[in-house]
Amino acid sequence: MPLLHVNDLSVPCQAILFDKDGTLLDLLATWGTWAELVLQGLGNQLALIGDGFSGDLSGVLGTRHDASGRVIGYDPAGPLSMATAEETYGILAWHLYSAGVPWNEAVMRVTAIAKEAMNELRTRRIAAPLPELLPFLQQCAAASLKLGVVTSDGSGTTGEQLEWMGITGYFHTIVTRDRVSRGKPAPEMAETACRELGIPPEYTVIIGDSNADMQLGKGAGLRLSIGISPEGSAGHLLDADTVIAGYHQLRLTC
């Protein structure tokens, strides 16, 4: 059985589950661009309404912006990183509702803004893998590991972005939020993935960038929950068994 070596740990491993955003793909490159477009659209709506709008929406999704409004960072424990599409739409719609727009109309406007932003991402095919991800996926394939994706995103968007990065073929199962009754941090996604891979939880590892991923792993009884934090800030990964800055810290031996 292959051994996965990470920091000072070596564990038997037959399967690895990956979160998508911030774990497989560079969250800032994809969803940072989406957030810029969505917040610009929301700001335009609020400016038309008036109601004393200050023009500052930088904190709505937990993003950090430069002077020009470009997204340059995000809170790994915030909405951009962790919220489902429905939760995100609710956060955005609340700002229109608080400015006097009826709730149903606010949701419709936000949905249209988000759809337009997503269409722009599709036009540009914006998705970049994290550094050293591809060599690690190749290691996994060479060791005959079963790989899966467990993500709070929907199946359509997930499939598109994996395709844009050219990594779809590495994964034997993809469990999205719309495939389960309860999302992260409930264990259902990991339980479903293990069942579809045919690998027991005790020989399965999860890698993710949020504490919900770590809690998912613990709840499902997975062998190891590895937090990944490329920027080095790991304070939010409270339930991780170990934390890495990048895939160069992982090694497989047979």
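Here the structure is shown first, and the text comes after it.
The rules behind these values
- Residues numbered from 1 in each chain as written.
- Predicted model: local features only at pLDDT ≥ 70, side-chain atom pairs only at ≥ 80, totals over all residues.
- Heavy atoms only, no water.
- Phe/Tyr/Trp six-rings, centres within 6.5 Å; stacked < 30°, edge-to-face > 60°.
- Helix = DSSP H or I, 4+ residues; strand = E, 2+ residues; numbered from the N terminus.
- Buried < 20%, exposed > 50% of the residue type's maximum accessible area, 1.4 Å probe, protein only.
- Contact = heavy atoms within 4.5 Å.
- Core = buried A, V, L, I, M, F, W, Y, C linked by side-chain atoms within 4.5 Å.
- Axes fitted to C-alpha atoms, helices over the stretch in contact; angles between N-to-C directions.
- Left-handed = near helix turned anticlockwise from the far one by under 90°.
- Nonpolar A, V, L, I, M, F, W, Y, C, P; charged D, E, K, R; others polar.
- Pairing = 2+ DSSP bridges.

A. Up close: the packing of aromatic side chains. Under the counting rule described, the total for this entry stands at six aromatic pairs. Here Phe18 and Tyr247 contribute two aromatic rings whose centre-to-centre distance is 6.4 Å and whose plane-to-plane angle is 40°, an arrangement assigned as tilted. Residue Phe18 is located in strand E3 (residues 15-18), and its partner Tyr247 is located in the loop between strand E10 (242-244) and strand E11 (250-253); the two are separated by 229 residues in the primary sequence. Of the two residues, Phe18 and Tyr247, both sit in the buried class. Ring plane angle 80° and centroid distance 5.5 Å describe the contact between Trp31 and Trp34, whose orientation is recorded as edge-to-face. With Trp31 and Trp34 both in helix H1 (residues 27-49) and three residues apart, this pair spans about one turn of that helix. Considered together, Trp31 and Trp34 belong to a single accessibility category, that of buried residues.

B. Spatial organisation of helix H8 (residues 211-219). The set of residues buried in H8 consists of Asn211, Ala212, Asp213, Met214, Leu216 and Gly217. For H8, the secondary structure elements touched by its buried residues are helix H2 (79-82), strand E6 (146-150), helix H7 (188-197), strand E8 (204-208) and strand E9 (224-228). Gly221 sits one or two positions beyond H8 and adopts a positive phi of about 75°.

C. Summary view of the nonpolar core. By size, the foremost hydrophobic cluster in this structure holds 59 residues, and its most contacted members are Ile16, Phe18, Trp34 and Phe136. Not counting chain neighbours up to four residues away, the residues in contact with Ile16 comprise Phe136, Cys140, Leu145, Lys146, Leu147, Gly148, Val205 and Ile207.

D. Up close: the packing of H1 against helix H4 (residues 103-124). Contact geometry for H1 and H4: axes closest at 9 Å, N-to-C directions at 145°. Seen from above, H1 lies across H4 with right-handed handedness. In this structure, H1 contributes Thr30, Trp31, Thr33, Trp34, Leu37, Val38, Gly41, Leu42, Gln45 and Ile49 to the contact, and H4 contributes Arg109, Ile113, Ala114, Ala117, Met118, Glu120, Leu121 and Arg124. Per-class residue counts for the contact of H1 with H4 are eleven nonpolar, four polar and three charged.

E. How the structure looks around the sheet that holds strand E1 (residues 3-6). Strands sit in the order E2-E1-E11 across an open sheet of three strands; the sheet is antiparallel. Both edges of this open sheet fall to strand E2 (9-12) and E11, since each of them pairs with a single strand only. Adjacent strand axes in the sheet meet at a mean angle of 25°, parallel and antiparallel pairs treated alike. Bridge count between E1 and E11: four bridges; the pairing is antiparallel. In the sheet register, Val6 faces E11, and the bridge partner there is Leu250. Across the sheet, helix H5 (residues 133-142) is in contact with E1 and E11; its angle to E11 comes to roughly 20°.

So, to be careful, I would describe these as geometric facts and stop short of saying anything about function.
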